[in-house]
There are 2 protein chains.
Amino acid sequence: MTDQLGRSPRKPRADAIRNRERVLEAAKAIFSEGGTETGLEAVARKAGVGIGTLYRHFPTREALYEAVYRREVEQLAELAQHLTTDMPPLAGLRRWLLALVEFVATKKGMGAALALAAHKPPELMAFTTSRMNEAIGMLLGPAAEAGEVRRDIGPDDLLRMVIGLCYMQDGPGWQAQVMRLLDVFLDGLRIRRDDPSESPRS
Amino acid sequence: MTDQLGRSPRKPRADAIRNRERVLEAAKAIFSEGGTETGLEAVARKAGVGIGTLYRHFPTREALYEAVYRREVEQLAELAQHLTTDMPPLAGLRRWLLALVEFVATKKGMGAALALAAHKPPELMAFTTSRMNEAIGMLLGPAAEAGEVRRDIGPDDLLRMVIGLCYMQDGPGWQAQVMRLLDVFLDGLRIRRDDPSESPRS
DNA sequence: TGATATACGGAGGGTGCCTCCGTTTGCAAG
DNA sequence: CTTGCAAACGGAGGCACCCTCCGTATATCA
């Protein structure tokens with residue numbers, strides 16, 4: 001009855017949560033294909049909500065950027081979790097790095113969002129890199145444990161390398177190019193035993 | 001009389017050139033202090049020209065960004081030229097690097113302009129780095145020639161290091177921090193002979 | 001010293017940002 | 001189930017900025 005200084009007098013309404021999610025989904029889609037300059041009304045329309053609703057959930061454009069960004073980072077982290085259990089380590093790692101490249105790709109359109117990541121709260125950047133490193137570690141660890149990959153390459157090395165690769169490459173089709181380079185790298189990462197199954201004598 | 005397929009029937013008007021310059025100057029000032037989001041009307045006002053004039057010279061916002069960017073790169077290049085003749089090599093280099101840090105500083109506000117540099121014509125980026133490397137070489141070369149600095153650090157190393165430093169640092173007063181680090185680095189760059197003028201025995 | 005191409009200024013139509021408020025709806029107490 | 005209400009919703013509209021257009025001014029050239 002009383003909420004005076006107390007906590008949540010009610011639980012958040014279901015439609016509010018649903019709408020918030022819809023807006024984030026729409027924003028992600030629109031931003032990654034049209035860049036962040038696109039009008040927010042378009043986002044609201046795509047999400048099937050009124051413009052007012054959008055602004056209630058995300059008072060400023062930056063707030064929306066940041067929420068989209070955070071959500072994608074979270075999703076990447078969850079993906080890593082699933083991949084560790086669903087796939088053999090190295091394949092999982094490769095799959096995850098592919099997702100990471102796509103993530104960076106959408107952020108390239110989002111110059112603004114990146115500047116935000118570099119400028120705004122240092123906390124956001126710390127959050128990002130720690131989450132990312134956790135995720136990579138989750139996939140890289142078991143592989144190292146199993147003796148499948150070299151142990152002198154850490155999650156942070158890998159992360160920095162991918163980001164670096166993405167930002168150097170720039171022409172059309174750069175994503176494929178990055179993946180090719182990455183595959184070469186991953187191949188180098190593997191520890192090859194003299195496994196006869198790998199070298200069939202004719 | 002006839003210009004049919006011929007070249008420039010007239011030379012460009014003086015006021016046009018002057019106004020173009022004024023707009024660039026104003027844009028630089030406004031963008032570096034207020035970010036690139038600031039209204040273009042403000043730029044026109046500061047430049048003392050009509051909004052129409054601004055748009056005639058720079059049809060789109062991006063065109064203006066790019067022009068400002070190019071101009072600053074050119075100015076940095078020219079600065080290097082002057083410094084080579086007016087100052088002892090190392091002092092000149094230091095002075096120039098300071099200007100470079102300021103340049104990057106204004107570009108940090110300009111997330112958009114940077115995204116442009118990364119995205120738009122690869123030519124712009126090539127232009128930038130080659131100009132920059134020339135400039136550094138101009139200052140570093142003589143110093144190396146005179147045996148004042150190590151020879152295993154090239155212009156591109158230096159350039160990348162400064163950019164990297166600028167983008168890692170981020171709090172308030174980061175520029176001073178960068179310059180401190182740079183000074184340490186420059187000190188390390190010097191070749192110290194056993195020059196008695198440097199070690200006065202008491 | 002004209003003639004004229006060129007540049008100038010700024011009013012104004014269009015578009016997107018964001019606020020505000022009347023209406024709707026999910027939640028929970030009776 | 002019904003009823004009360006806080007929470008959420010949609011979208012009209014005010015405001016600011018973007019850019020175009022055209023009548024006026026002026027530098028250049030004959």
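Residues numbered from 1 in each chain as written. Chains lettered and ligands numbered in written order. Predicted model: local features only at pLDDT ≥ 70, side-chain atom pairs only at ≥ 80, totals over all residues. Heavy atoms only, no water.

An unreviewed UniProt entry annotates chain A as TetR family transcriptional regulator of Neoroseomonas lacus.

## Describing the overall build of chain A
Scanning chain A from N- to C-terminus turns up nine helices and zero strands. Listed by position from the N terminus, the elements making up chain A come as α-α-α-α-α-α-α-α-α. Scored against the burial criterion, the 202 residues of chain A give a buried share of 35%. Pairs at least 24 apart in sequence give 69% of the contacts found in chain A among residues at least 6 apart. Here chain A displays about 12,100 Å² of accessible surface, and carbon together with sulfur accounts for 55% of that area. (Helix = DSSP H or I, 4+ residues; strand = E, 2+ residues; numbered from the N terminus. Buried < 20%, exposed > 50% of the residue type's maximum accessible area, 1.4 Å probe, protein only. Contact = heavy atoms within 4.5 Å. Areas by Shrake-Rupley, 256 points an atom, 1.4 Å probe, with all protein chains shown as cover.)

## Some words on the environment of Asp156 of chain B
Residues and elements named next belong to chain B. Position of Asp156 among the secondary structure elements: in helix 8 (residues 155–168). Judged by its relative accessible area of 32%, Asp156 falls in the partly exposed class. Taking C-alpha positions, Asp156 is 8.4 Å from Thr129, a pair spaced 27 residues apart along the chain.

## Quick look at the protein's contact with DNA strand D
Around DNA strand D sit 23 residues, and of these Arg13, Asn19, Thr53 and Arg56 of chain A together with Arg61 of chain B come closest. A distance of 2.8 Å separates a phosphate oxygen of DNA strand D from a polar atom in the backbone of Gly50 of chain A. Between DNA strand D and His57 of chain A there is a distance of 3.4 Å, counted from a phosphate oxygen to a side-chain nitrogen or oxygen. Those elements giving two or more residues to the surface near DNA strand D turn out to be helix 1 (14–34) and helix 3 (51–57) of chain A together with helix 2 (40–47) and helix 3 (51–57) of chain B. Sort the elements by how many residues they give to the surface near DNA strand D and helix 3 of chain A lands first, with five residues. Partitioned by chemical class, the residues of the surface near DNA strand D number seven nonpolar, seven polar and nine charged. (Near = heavy atom within 4 Å. Polar contact = N/O pair within 3.5 Å; in protein donor to acceptor, adjacent residues only side chain to side chain. Nonpolar A, V, L, I, M, F, W, Y, C, P; charged D, E, K, R; others polar.)

## Topic: the confidence of the model for chain A
Predicted coordinates in areas of low pLDDT are best not read in detail. Residue and element names in this part refer to chain A. For chain A, per-residue confidence averages 80 on the pLDDT scale, and residues scoring 70 or more make up 80% of the total. Between the elements of chain A, mean pLDDT differs from a low of 48, seen in helix 6 (residues 111–119), to a high of 95, seen in helix 3. Here residues 1–8 scores under 50 on pLDDT; set against residues more than four positions off or in separate chains, the count is one contact. (pLDDT = per-residue confidence, 0-100.)

## Quick word on the packing of helix 1 of chain A against helix 4 (residues 61–86) of chain A
Residue and element names in this part refer to chain A. Two elements in contact, helix 1 and helix 4, have axes whose closest approach is 10 Å; the angle formed by their N-to-C orientations is 90°. When the interaxial angle is binned, helix 1 and helix 4 end up roughly perpendicular. Judged by residue contacts, Arg20, Glu21, Val23, Leu24, Glu25, Ala27, Lys28 and Phe31 of helix 1 engage Leu64, Tyr65, Ala67, Val68, Arg71, Glu72 and Gln75 from helix 4. Here the contact of helix 1 with helix 4 is composed, by residue class, of eight nonpolar, one polar and six charged. (Axes fitted to C-alpha atoms, helices over the stretch in contact; angles between N-to-C directions. Parallel < 35°, antiparallel > 145°, perpendicular 65-115°, else oblique.)

## Focus: the protein's contact with DNA strand C
Neighbouring DNA strand C are 21 residues, the closest being Arg61 of chain A together with Arg13, Asn19, Thr53 and Arg56 of chain B. For DNA strand C, the backbone makes up 63% of the atoms found within 4 Å of the protein, where backbone means sugar plus phosphate. At 3.1 Å, a backbone N or O of Leu40 of chain A approaches a phosphate oxygen of DNA strand C. With respect to DNA strand C, the side chain of Arg61 of chain A contributes an N or O atom lying 2.4 Å from a phosphate oxygen. Of all elements in the fold, only helix 2 (40–47) of chain A together with helix 1 (14–34) and helix 3 of chain B reach the threshold of two or more residues within the surface near DNA strand C. Classifying every residue of the surface near DNA strand C by side-chain character gives six nonpolar, seven polar and eight charged.

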